[in-house]
Structure formats: C-alpha cells, structure tokens
Amino acid sequence: MTKAVKGTHDLFGEALRYQQAIVGTARSWLEAAGASEIATPIFEKTEVFERGVGASTDIVQKEMFTFTDRGGRSLTLRPEGTAGVVRAYGEHGMKVWPQPVKLWYAGPMFRAERPQKGRQRQFHQVGYEVLGSTHPASDAEAVSLSYFILRDLGLTRTRLKLGSVGDAESRQRYNQYLRELLTPYESELSADSQRRLQTNPMRILDSKSDTDQGLLKRLGVRPMLDFLGPAAREHFDAVRKILDELGVEYEIDPTIVRGLDYYARTSWEIHHDMLGAQSALGGGGRYDGLSELIGGPPSPGVGWAMGIERVALAMQAEGVSPAPGKRLDIYIAPLDASLVPAALKAATELWPRLRAEYSLSARKPGKAIREAEKRGAAYVGLLGPDEAASGVITVKKLDTAEQRTLTPAEVVAWLTEGGLE
Ligand code: AMP
C-alpha cells in the first residue's frame, strides 16, 4: 500500500485533539489581545523566503521545498509563517490601519529536515505577529502571550530564554569579531560554516555540526549580548523591565541567535525540559527590517511561532490531556431495512444540536443497543414502523435503561437537559 511521505503525518483522533486544544487555547488568548486570524497561502514566491529568512540560513540553503511551476516561476512551500504575513501586511495596505496590527495564524509549514522525534517535514505552527510598533511593550506583550498560552495549556516544565540579537550595527560588529576569531581555525569548520565565515558568521553559531559546536566551545566565543549598542541595550532593558512587571519568568540567554536572518533586537525561545534534543517549543523575536527586505513598506514588527506537535509532545510528557473527543449522543437504529431513510431523516432533525448517527441496516433492539455501546453513544433510538408513521423515536438511556417515546424536538430537549451540550 502506498504510505504517507516520510516526515508527514495523518492527523486524526487524539493527535488531532491535541492540535485543536493547542490552537483553541492560543486563539482565545490572541483574540483577547486584539489579534485577528490570517490565513496566507501555503506557497509563496521563493524570493519571499530567500530574502526574508536569509539566503545563508539552513532553512533557505537546505530545508525548503522549492519547485518550478508550469510558468517557470520558482515557488516554495512555506517553511515558516512570518514572511508571508509581513508580505500580506504590505500588499493589503494594512500600514494605514490603526497601528499596531495584530495578526495570528495556525497551519502547516514545510521543511526538508531529516525526520526524527519532534522533527517533521510537514509540521504545524501557531503564530502571532504585532506589526507597526517598535515599542518595547509590544515585545513584552508578544513574549508574555507565548508564555501565558503554554501555561494555560497546563505546561510547567518550560523555560523561557530571552536574549537580543542587537540592531544591524551591533550585528555587524559581532560578525566582525566572529570573523577575526574564527578565521585562523577555518579549516576545522564544516564546509557550510567555512562559507558562512565569509557571508554571515553569526549563522555558524546555530550550526548543527558537532565539530563546529566543539570548536565554538573550545574558543569560548563571547555572546552577542556583549556587543549590543546603546539603543539595542536600552530597548532590551525596557522589555525586561515590563516582563518583570507582568510576572513573566524568564532567564537571560546571551547566546540566543535564532536560525533566521530577519530577527533584530529582542529574541527568545521557549524550551521544555522533557523533550530531549528537540526541546524548542517555540521562538520569536523582533524583525524590524523584514518588510523592506521583501519589498514592502518599512514596518517594524515582533512575533513568534510555536510548533504544535512539539507542544503536544510536551503535554504528553507532563501527562496533560486535551479535552476528550465529544462522544456520540445517540445511535438511531431502524428495526426494518425499509426504515433506513426514516432513520436518516430522524438524525437530520437532531443535527446539529445532537451528535447522532444512524444504522444503514435493520437492527433488532438487543443488537442496536450493543452497536450503540460500541460507538460510545449515551442513548439508542429505536425506529419501528409505528414510530416512523407517527414521527417519533423510542429513545433509551443506556446507563439507566430509562425509555421514552419522543418527537425529535423532544429528544433534543431530553438529551440536552441531561447536560450533553
Ligand atoms: P523556528 O521558526 O525554526 O524557530 O520554529 C518555531 C518552532 O516550530 C520550533 O520551536 C519548533 O517547535 C517548531 N518546529 C520547527 N521546525 C520543526 C520541524 N521540522 N518539525 C516539527 N516542529 C518544528
């Protein structure tokens, strides 16, 4: 049998309930904060990511699903959500809306990474973007929402690591420092990092190569945070002060660099203690120059994305379950095969107030009850010729065996008064 592509997964049953719980909790917090949902296309022109995420990043160099369409255009399945949202903000003139514009999204992302636990080729993210503000309160708001959502989902073993990647000028000085430090050891670096030494030395810091990481440790590389200029430092201190006032717990991580070029100033990651190597639940940061990079109007922004599958793994590791799936309210069984259409009609009269299924074949009462139990229904509806003729159903509550003959409207009333809704 042909199977799903490696690194992609079918979502149903419990796995889907986790996704829905995570997106539902995120939605309630983000909408409460004034955000509207946005759904951008799953593919974009490749340049949106090349320019936005950065040509020297792992994502662009190795992980994008890029293809040429029939018109010879290069398109890419989105590896992340921010670049598309920022493109949409510029394209639809959202710059003239009352600022800041707050948008949230949830959906699939695609990265051609080696599949392993917590790392898929199609995965899902929920994300939040605040566009049109440079105020440190916007950074603190975004950080705190990511923190509150994970806490509301019941997670306790998370660690919020906060840092700053500085502004363009501080990054230039840091890149210069890294180049001077690492050039004498160039031959010890991986081929990718040798290239990055010329183009973007900061990207060496998030290299996945063990030898690169070993060398960095041996050399005792100074962190980005040491290189912040006065403006970036002031912004960072202001964000920290607001987070302290909000009661958000975080630790300063001076080494945070994030794997995307568009970040500037505040950046953060949230990790979980019980997830092993792929411990990042989400991350975000400020991206003031991104809009211009992809040809849009200058528009500062700050935002984050969380990996939904990773958050689900963290919930499982901590023993937090999503709400159980809604059980079947009633299973309607016709006593005669000719009454199948009548059973369907009865079901349509119960929808959508009740979750009702009907049998496609005749069932004797005993068999109907067993079928209803197998499907997890709370009630069984029996439909014989007499009931069909007078437009009623004989309904039995399975746990107490209480039985009533009722019209569909009365069935809805009886079942919902028992707290089924
Ligand atoms: P990033 O934009 O790379 O920081 O990703 C944000 C979050 O998405 C990460 O912290 C992970 O939780 C999740 N994520 C990123 N890549 C993958 C992947 N290949 N499979 C599953 N989750 C991922």
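So, here is what we can say about the structure in this document. These figures come from a predicted structure and were not determined experimentally.

1. Structural notes on the site of the ligand
By nearness alone, 14 residues border the ligand, and R111, E113, Q120, R258 and A280 come closest of all. Between the ligand and L281 there is a distance of 3.1 Å, counted from an oxygen atom to a backbone nitrogen or oxygen. For the ligand, whose accessible area on its own is 480 Å², the fraction buried by protein is 92%. With 3 residues, the top contributor of residues to the shell around the ligand is strand β10 (residues 280-286). For the shell around the ligand, the residue count by class is 4 nonpolar, 5 polar and 5 charged.

2. Remarks on the side chain of S138
Among the structural elements, S138 can be located in helix α5 (residues 136-152). Excluding residues within four positions of it along the chain, S138 makes contact with V130, S133, R286 and V302.

3. Considerations on the nonpolar core
Counting residues in each nonpolar core, the largest one holds 85 residues, and the members touching the most others are L30, Y128, W268, W304 and V311. No fewer than three residues from each of domain 1 (13-167 + 229-318) and domain 2 (168-226) sit in this core. Judged by nonpolar contacts, the second largest core, of 18 residues, contains L354, A356, Y379 and V412.

4. Considerations on the pairing of strand β5 (residues 101-110)
Counted residue by residue, β5 has 9 buried out of 10 residues, so it is predominantly covered. Relative to β5, strand β1 (residues 36-37) is paired through 2 bridges, and the arrangement is parallel. Among the inter-strand pairings, E37 is bridged to a residue of β5, identified as W104. Where β5 lies against strand β6 (residues 122-131), 10 bridges are found, and the strand directions are antiparallel. Paired with M109 across the bridge in β6 is F123.

5. Points about the packing of aromatic side chains
Between two aromatic rings, the relevant description is the distance of the centres plus the angle of the planes. What the rule picks out here adds up to 10 aromatic pairs. On the numbers, 6.0 Å between centres and 75 degrees between planes, the contact of F43 with F67 is edge-to-face. Of the two residues, F43 sits in strand β2 (residues 43-45) while F67 sits in strand β3 (residues 66-68), which places them 24 residues apart along the sequence. Between Y174 and F227, the ring centres sit 4.9 Å apart and the planes meet at 55 degrees, which makes this aromatic pair tilted. Here Y174, found in helix α6 (residues 168-182), pairs with F227, found in the loop between α8 (210-219) and α9 (230-246); they are 53 residues apart in sequence, far enough to count as distant. Among the residues examined, Y174 registers a relative accessible area of 1% and is labelled buried. On the basis of relative accessibility, which here comes to 8%, the residue F227 falls in the buried class. Taken together, W29, Y147 and F148 form an aromatic cluster joined through their ring pairs. When the ring centre of Y177 is taken as reference, the NZ or CZ atom of R222 above it lies at 5.6 Å.

The rules we used
Residues numbered from 1 in each chain as written. Predicted model: local features only at pLDDT ≥ 70, side-chain atom pairs only at ≥ 80, totals over all residues. Heavy atoms only, no water. Near = heavy atom within 4 Å. Polar contact = N/O pair within 3.5 Å; in protein donor to acceptor, adjacent residues only side chain to side chain. Areas by Shrake-Rupley, 256 points an atom, 1.4 Å probe, with all protein chains shown as cover. Helix = DSSP H or I, 4+ residues; strand = E, 2+ residues; numbered from the N terminus. Nonpolar A, V, L, I, M, F, W, Y, C, P; charged D, E, K, R; others polar. Contact = heavy atoms within 4.5 Å. Core = buried A, V, L, I, M, F, W, Y, C linked by side-chain atoms within 4.5 Å. Buried < 20%, exposed > 50% of the residue type's maximum accessible area, 1.4 Å probe, protein only. Domains from an automatic or database assignment. Pairing = 2+ DSSP bridges. Phe/Tyr/Trp six-rings, centres within 6.5 Å; stacked < 30°, edge-to-face > 60°. Lys NZ or Arg CZ within 6 Å of the ring centre and 35° of its normal.

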